[in-house]
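Architecture at a glance
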Amino acid sequence: MATMNPLQFIQQVRAEVAKVVWPTRREVMLTTVMVFILAALTAIFFSLVDLAIRGGLQAVLNFFG
């Protein structure tokens, strides 16, 4: 691996950071809201699956016990 001058490295890092397209405030807010909505929907889905499995298991146990 070639050695690099620290000043040259910093200049290259600054040049790369300048190429980054940062999201707007609106984009950040929209994606944050979408994440919260999808997390809530996922929690509801797994709660319903849990209730169904629990109910089915209780029915089987009551049938045999």
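Residues numbered from 1 in each chain as written. Predicted model: local features only at pLDDT ≥ 70, side-chain atom pairs only at ≥ 80, totals over all residues. Heavy atoms only, no water.

Broken down by element type, the protein carries two helices and zero strands. Taken over the C-alpha trace, the protein has a radius of gyration of 26 Å; the compact-globule value for 65 residues is 11 Å, which it surpasses by more than 25%. The buried share of the protein, taken over its 65 residues, is 0%. Entry remark: accessible area of the protein is about 6,500 Å², with carbon and sulfur atoms responsible for 72%. (Helix = DSSP H or I, 4+ residues; strand = E, 2+ residues; numbered from the N terminus. Rg over C-alpha atoms; globule rule 2.2 N^0.38 Å. Buried < 20%, exposed > 50% of the residue type's maximum accessible area, 1.4 Å probe, protein only. Areas by Shrake-Rupley, 256 points an atom, 1.4 Å probe, with all protein chains shown as cover.)

Of note, Met 4 is situated in the segment before helix H1 (6-19). If sequence neighbours within four positions are ignored, Met 4 has contacts with Phe 9 and Gln 12. (Contact = heavy atoms within 4.5 Å.)

Such coordinate-based values are descriptive only and should not be taken to indicate function.
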